Amino acid sequence: MSAPLQTIRNKQPFDAGRAAYLTLNGLLLAFLLAPIAIVLAFALNPTPYISFPPVGVSLRWFEKFFRTPEFTNALLLSLWIAGCVLVLSIVIGGACALALARGNLPGRSFLTAFFMSPLMLPAILTGLALFQSYLLVGIGRPVWGLILAHTLVAVPYVIRTTLAVLHNFDRRIEEAAAVLGASPTRVFFEVTLPLIRPGVFAGGVFAFIVSFDQFPVSLFLVVPKGETLPVVLFNYMKFDLDGAIAAASMVSILLALSVVLVLERLIGLKAYVKL
Amino acid sequence: MAVASRPSPIAWLLAPALLLFVLFFVLPFGVMAMMSFYSGNPVTNPNAFLTTRHYERFIFDTAGIFHDALWSTLRIGLITTVVSLLIGYPLAHWMARMQSRLGHALVLMAVIAPMLTGIVVRTFAWMTILQDKGVINTLLIDWGIVSKPLPLMYNEFGTVVALVHIYVPFMVLTLTGVIGRIDERLEQAARSLGAGRLRAFVEVTLPLSLPGILAGSLLVFALSISAYVTPSLMGGTDVLTLPMLIAQQVGTSFNPNFAGALGVVLLLVSLAIVVAYNRILARLSGEQGLA
């Protein structure tokens, strides 16, 4: 897949196989990134409909986005929910990862797989199952129900990043602290917690994004007038494809990108390949 | 670590997560399965009775749409998986074999960035590219290559393109880890024994990365058969998948019980994949239980 059938050896100055390999990968990267660049172009393009090529640069779609209460309310709701999910999943997921790594639990690998399963099962079914449960219990569709639903699909990310950190760090550091006379509580707060903090935070960043961009879990759990941003965008897109959607997309992308930068700062992205 | 030690007090930290998962994951899926065997809501409607009619409706499929929906879900999932593999493998190979740390970080960033932009936003991006007045058709017409827009969207083609874009990062991340663990010297040995680069790749690296190929493919398949946003926006009236059918039953037909039955069908397919995926991953990672 990497090199075409050629007899050229890599000692020669021009390596056609290598060139083809790099060109192919360059094209694939372009395929990954081009759509995002195109959305940016449309967000800045002032024409009333999506049209190509862009004719100019304006902020009118951003203005429309921020002047439409339907969008701004949804944005605020999404931010609020994602903030709650961030806090909840850090606490629940971080604690769970500690228990999995340090609790000497029987069936540890089964438990880990169980806590990862919301990532593998169709999210739309998680939404449907919760919708039916709320319906059965007769509690309607409260915001806390949506927050806990998002937390459920966000917690696995925190568990995963925290476990990765726990897996890499040397237990002898904790043992050394204990030998030197620190109580288990003190070891926990002064050694373990600071060491796992980057993993927990990184997971929290993922949790925020998972909630902020969440669609399938939200679909059945939102109420009219109380829809999250992705749901509002989806409904809008079914009828209208104008620059406002592009601007809204840019707002989401910029939020996500700033979050990636924070993540890179915190632990370096490299830790993720090993997951 | 001691082999037969009892759970330590730290194990109690599992409690909040366990509570959340039991109340908001295990029980709800039980409720969904239960509802699929009822004619209505057994709590609010005293006349609701136990029935298998929702499953009969699916199995006998007199309307002739349910089986088609199941097949097109699986077909779209399969095509998406194969294309993601073909696109993801070269990228993963490149990344795993890259010497420069900076280059590695940049490519990784490029792979992860789309993952962080949301399904709705990325589907929107593909709509602007593939629609009749979109980027590709405008360019093709301007350059005189075609006289009228190609049907790139509102069909299975557009759906698959957008799905591949959304799920290929999962493939790349899974494969990079596996390819990175293959000792490069094996390939070099094959080459020094006279094998060409292609042959060394096909006979050494490719077979060794097979577990990664399987794990990545199962992951992408599981994700793409449960996709809802992309097929419903990109598929138009041409595409009807199981998740779309489920949403229809809840949203427009107000039949959550039948939706539950459809959900159970989709769940069974997904569970089979998850079990296979976990088996492969367990074999891959050996002792560490990081699913």
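Everything quoted here is computed from the prediction, not taken from an experiment.

**Some thoughts on the overall build of chain A**
When its secondary structure is counted, chain A shows eleven helices and zero strands. Element order for chain A, N to C, with α for helix and β for strand: α-α-α-α-α-α-α-α-α-α-α. Taking 19 Å as the expected radius of gyration for a compact globule of 275 residues, we find that chain A reaches 24 Å, considerably beyond that expectation. Judged by the C-alpha coordinates and their principal axes, chain A covers about 70 × 70 × 30 Å. Split into buried and exposed, the 275 residues of chain A put 45% on the buried side. Contacts in chain A between residues far apart in sequence, at least 24 positions, make up 72% of those at least 6 positions apart.

**Details of the overall build of chain B**
Scanning chain B for helices and strands turns up 13 helices and zero strands. Walking chain B from its N terminus toward its C terminus, one meets helices and strands in the order α-α-α-α-α-α-α-α-α-α-α-α-α. Within chain B, the proportion of its 291 residues that are buried is 48%. Within chain B, contacts between residues separated by at least 24 positions form 71% of all contacts whose residues are at least 6 apart in sequence.

**Topic: helix α5 (residues 123-137) of chain A**
Residue and element names in this part refer to chain A. Given a rise of 1.5 Å per residue, 15 residues ought to cover 21 Å, and the 21 Å separating the end C-alpha atoms of α5 matches this to within 8%. In terms of burial, α5 is a largely internal element, twelve of the 15 residues being buried. Of all the positions in α5, only A123, I124, L125, T126, G127, L128, A129, L130, F131, Q132, S133 and Y134 are classed as buried.

**Looking at the packing of helix α6 (residues 143-168) of chain A against helix α1 (residues 15-35) of chain B**
Where α6(A) contacts α1(B), the two axes come as close as 10 Å, and the packing angle between them is 120 degrees. Considering their axes alone, α6(A) and α1(B) lie oblique with respect to each other. For the pair α6(A) and α1(B), the sense of crossing is left-handed. Within the contact between the two elements, α6(A) uses A:L148, A:A149, A:T151, A:L152 and A:V155 and α1(B) uses B:A17, B:L20, B:F24 and B:F25. The residue makeup of the contact of α6(A) with α1(B), split by class, is eight nonpolar, one polar and no charged.

**With respect to the domain arrangement of chain A**
Residue and element names in this part refer to chain A. Each domain of chain A was delimited in the assignment, giving domain 1 (1-58) and domain 2 (68-272). Placing a centre on the C-alpha atoms of domain 1 and another on those of domain 2 gives a separation of 32 Å. In this complex, domain 1 contributes nine residues to the contact, which on the side of domain 2 involves eight residues. Looking at the side of domain 1 that touches domain 2 residue by residue, the class counts come to eight nonpolar, one polar and no charged.

**Structural notes on the interface of chain A and chain B**
How big an interface is tends to be stated in terms of accessible area lost as the parts join. Listed as interface residues are 83 residues of chain A and, on the opposing side, 85 residues of chain B. Residue assignment for the side of chain A that touches chain B shows that the elements contributing at least two residues are α1 (16-44), α3 (69-102), α4 (108-120), α5, α6, α9 (216-219), α10 (229-237) and α11 (243-267) of chain A. The leading source of residues in the side of chain A that touches chain B is α1(A), at twelve residues.

**Thoughts on the nonpolar core**
Formed by 171 residues in total, the largest nonpolar core has its most connected members in A:C96 and A:L128. Among the elements that take part in this core, α3(A) stands out by supplying 17 residues, more than any other. Structurally, this core is a two-domain feature, drawing no fewer than three residues from each of domain 1 (1-58) and domain 2 (68-272) of chain A. Other than its neighbours up to four places away in sequence, A:L128 contacts A:F220, B:M32, B:I246, B:V250, B:A259 and B:G263.

**Let's talk about the packing of helix α7 (residues 156-181) of chain B against helix α10 (residues 210-225) of chain B**
Residue and element names in this part refer to chain B. Where α7 contacts α10, the two axes come as close as 9 Å, and the packing angle between them is 155 degrees. Relative to α10, the element α7 is oriented roughly antiparallel. Handedness of the crossing formed by α7 with α10: right-handed. Each of L163, Y167, F170, M171, T174, L175, V178 and I179 in α7 lies in contact with α10, whose residues at this interface are P211, G212, A215, G216, L219, V220, L223 and S224.

How each quantity is defined
- Per chain, residue numbering runs from 1 following the sequence as it is written.
- Throughout, the order in which chains and ligands are written sets their labels, letters from A for the former and numbers from 1 for the latter.
- Local features in this predicted model are restricted to residues whose pLDDT is 70 or higher, and side-chain atom pairs enter the listing and the counts only when it is 80 or higher, whereas totals over whole chains, interfaces and linings include all residues.
- Under the scheme used here, helices are H or I runs from DSSP no shorter than 4 residues and strands are E runs no shorter than 2 residues, and both carry numbers assigned from the N terminus.
- With C-alpha atoms as the basis for the radius of gyration, the globule rule is written as 2.2 Å multiplied by the number of residues raised to the power 0.38.
- Each residue is classified by how many other C-beta atoms fall within 10 Å of its C-beta atom, where C-beta atoms are placed from the backbone; a count of 20 or more means buried, 12 or fewer means exposed, and values in between mean partly exposed.
- Any two residues are considered in contact once their C-beta atoms, placed from the backbone, lie within 7 Å.
- Take the residue count of a helix, subtract one, and multiply by 1.5 Å to get its expected span.
- Working convention: axes come from line fits to C-alpha atoms, limited for helices to the stretch in contact. Angles between N-to-C directions cover 0 to 180 degrees.
- Here is the rule for angles: anything less than 35 degrees is roughly parallel, anything more than 145 is roughly antiparallel, 65 through 115 is roughly perpendicular, and the remaining ranges are oblique.
- Note: crossing handedness is left-handed where the near helix turns anticlockwise from the far helix by less than a right angle, and right-handed where it turns clockwise.
- We call Asp, Glu, Lys and Arg charged. Ala, Val, Leu, Ile, Met, Phe, Trp, Tyr, Cys and Pro are nonpolar, and the rest, Gly among them, are polar.
- Domain start and stop positions are those given by an automatic or database domain assignment.
- The nonpolar core is taken to be a set of buried Ala, Val, Leu, Ile, Met, Phe, Trp, Tyr and Cys residues joined by way of C-beta atoms within 7 Å.

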